[in-house]
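# Notes for the structure review
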Amino acid sequence: MTSQIRPALVLFGALTAICGVLYPLAVTGVGSAIFPAQAAGSMIEVNGKAIGSSLIGQSFSSPKYFWGRPSATGPMPNNAANSGGSNLGPLNPAQNDAVKGRIDALRAAEPQGRPNPLAIPVDLVTASASGVDPELSVAGAQYQVARIAAVRQLPPARVQALIDAQRQSQVLGFFGEPRVNVLALNLALDAESAHTR
């Protein structure tokens with residue numbers, strides 16, 4: 001019996017060292033060397049202070065900002081510790097009520113007497129599968145141009161130019177749709193507003 005315990009303990013110790021220490025250190029080192037920004041959380045900094053990650057959505061509710069995709073995480077929106085979708089199907093009454101509420105919020109934020117003639121893009125009223133989607137479709141951003149231009153007193157063409165500058169193409173030319181990172185777009189919007197004052 002004792003002749004079997006010693007090899008088992010040696011094997012356990014060796015595998016623990018390889019799989020639990022050496023491999024994680026090697027992967028972390030290679031990742032940090034090849035993809036330093038991503039390995040550090042893809043943080044976005046302003047004046048040396050981290051204000052968010054380009055990989056995790058943030059909630060913007062002020063009419064002067066672009067709103068991102070709704071989040072179904074709890075207990076607060078865009079909670080990365082509780083990432084996941086609502087799992088509500090299209091025929092679920094709770095899903096229909098949530099979508100109607102989001103449509104009402106979009107319409108209520110429009111400038112008085114100037115309803116938006118564009119169709120509301122689906123990603124502005126439905127939560128993503130992760131609940132922390134940092135990006136929005138180009139159509140979702142364009143839907144908000146008139147509201148933001150009116151609130152910030154900017155020409156709509158200038159707000160559209162910011163979207164065009166932040167636009168990201170499809171991955172490898174064919175995966176997904178063109179999109180914008182909402183946090184980066186809002187930072188560009190703040191910079192533009194500060195520049196025009």
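Report follows, based on the coordinates. Please read these numbers as outputs of a predicted model, since none were measured by experiment.

### Examining the overall build of the protein chain
Scanning the protein chain for helices and strands turns up seven helices and four strands. Ordered by position in the sequence, the α and β elements of the protein chain form the string α-α-β-β-α-β-α-α-α-β-α. For the protein chain, the C-alpha radius of gyration of 23 Å lies well beyond 16 Å, the compact-globule estimate for 197 residues. Considering only C-alpha atoms, the protein chain reaches an extent of 85 × 45 × 35 Å along its principal axes. Counting every position in the protein chain, which comprises 197 residues, the buried fraction comes to 30%. Surface summary for the protein chain: the accessible area is close to 12200 Å², and the carbon and sulfur share equals 62%. Distance between charge centres in the protein chain, computed from 14 positive and 11 negative side chains, equals 3 Å.

### Examining the pairing of strand β2 (residues 49–53)
Each regular strand shows side chains that alternate between the opposite faces of the sheet. Looking at chain direction, strand β1 (residues 43–46) and β2 are connected through four bridges and run antiparallel. Directly across from E45, in β2, lies its bridge partner A50.

### A word on the packing of aromatic side chains
Any pair of aromatic rings gets described here by the distance separating the centres and the angle formed by the planes. With the rule as written, the count across this model stands at two aromatic pairs. Here the guanidinium or amino end of R152 rests over the ring plane of Y65, the centre of that ring lying 4.9 Å away.

### Looking at the nonpolar core
Counting 27 residues, the largest nonpolar core has F66, A141, V159, I163 and L185 as its most contacted members. Here this core gets five residues from one element, more than from any other, and that element is helix α7 (residues 182–196). Dropping the residues within four chain positions of it, V159 is found in contact with F66, V145, I148, A149 and L154.

### Quick notes on a nonpolar patch on the surface
A cluster of nonpolar side chains, contributed by I18, V21, L22 and L25, occupies part of the molecular surface with about 380 Å² of accessible area. Within the secondary structure, V21 is located in helix α1 (residues 2–34). Given a relative accessible area of 42%, V21 falls into the partly exposed group.

### Considerations on the packing of helix α5 (residues 145–152) against helix α6 (residues 156–166)
Put simply, α5 and α6 touch, their axes get as near as 9 Å, and they point 120° apart. In this view, α5 runs oblique relative to α6, as classed from their interaxial angle. Both α5 and α6 take part in a crossing whose hand is right-handed. Residues V145, I148 and A149 of α5 pack against P156, V159, Q160 and I163 of α6. Within the contact of α5 with α6, the residues separate by chemical class into six nonpolar, one polar and no charged.

### What to know about the environment of S86
Among the structural elements, S86 can be located in the loop between β2 and α3 (93–109). Accessibility expressed as a relative area gives 34% for S86, which makes it partly exposed. With 43 residues separating them along the chain, S86 and A129 place their C-alpha atoms 7.6 Å apart. Ignoring anything within four residues of it in the chain, the contact list for S86 reads A72 and Q95.

### Focus: α6
Taken together, the buried positions of α6 are occupied by V159, L162 and I163. With its buried residues spanning 100° around the axis, α6 presents them on a single face. Looking at α6, the residues exposed on the side facing more than 90 degrees away from the buried face are A157 and A165.

### Here we look at the side chain of T126
Structurally, the position occupied by T126 is in the loop between α3 and β3 (135–137). Owing to a relative accessible area of 15%, T126 belongs among the buried residues under this scheme. Only 2.8 Å separates the side chain of T126 from the backbone oxygen of V122, close enough to count as a polar contact.

### Considering the side chain of R179
Within the secondary structure, R179 sits in strand β4 (residues 179–181). Classification of R179 as buried rests on a relative accessible area of 17%. In terms of polar contacts, R179 uses its side chain to reach the side chain of E135, at 3.1 Å. Separated by 2.5 Å, the side chain of R179 and the backbone oxygen of S169 make a polar contact. Apart from residues lying up to four places away in sequence, R179 is in contact with E135, L136, S137, V138, Q166, R167, Q168, S169, Q170 and V171.

Rules used in this analysis
Residues numbered from 1 in each chain as written. Predicted model: local features only at pLDDT ≥ 70, side-chain atom pairs only at ≥ 80, totals over all residues. Heavy atoms only, no water. Helix = DSSP H or I, 4+ residues; strand = E, 2+ residues; numbered from the N terminus. Rg over C-alpha atoms; globule rule 2.2 N^0.38 Å. Buried < 20%, exposed > 50% of the residue type's maximum accessible area, 1.4 Å probe, protein only. Areas by Shrake-Rupley, 256 points an atom, 1.4 Å probe, with all protein chains shown as cover. Lys, Arg positive; Asp, Glu negative; His and termini not counted. Charge placed at Lys NZ, Arg CZ, Asp CG, Glu CD. Pairing = 2+ DSSP bridges. Phe/Tyr/Trp six-rings, centres within 6.5 Å; stacked < 30°, edge-to-face > 60°. Lys NZ or Arg CZ within 6 Å of the ring centre and 35° of its normal. Core = buried A, V, L, I, M, F, W, Y, C linked by side-chain atoms within 4.5 Å. Contact = heavy atoms within 4.5 Å. Patch = residues over 30% accessible without salt bridge, like charges linked within 9 Å, V, L, I, M, F, W, Y side chains within 5 Å. Salt bridge = Lys/Arg side-chain N within 4 Å of Asp/Glu carboxyl O. Axes fitted to C-alpha atoms, helices over the stretch in contact; angles between N-to-C directions. Parallel < 35°, antiparallel > 145°, perpendicular 65-115°, else oblique. Left-handed = near helix turned anticlockwise from the far one by under 90°. Nonpolar A, V, L, I, M, F, W, Y, C, P; charged D, E, K, R; others polar. Arc of directions from axis to C-beta. Polar contact = N/O pair within 3.5 Å; in protein donor to acceptor, adjacent residues only side chain to side chain.

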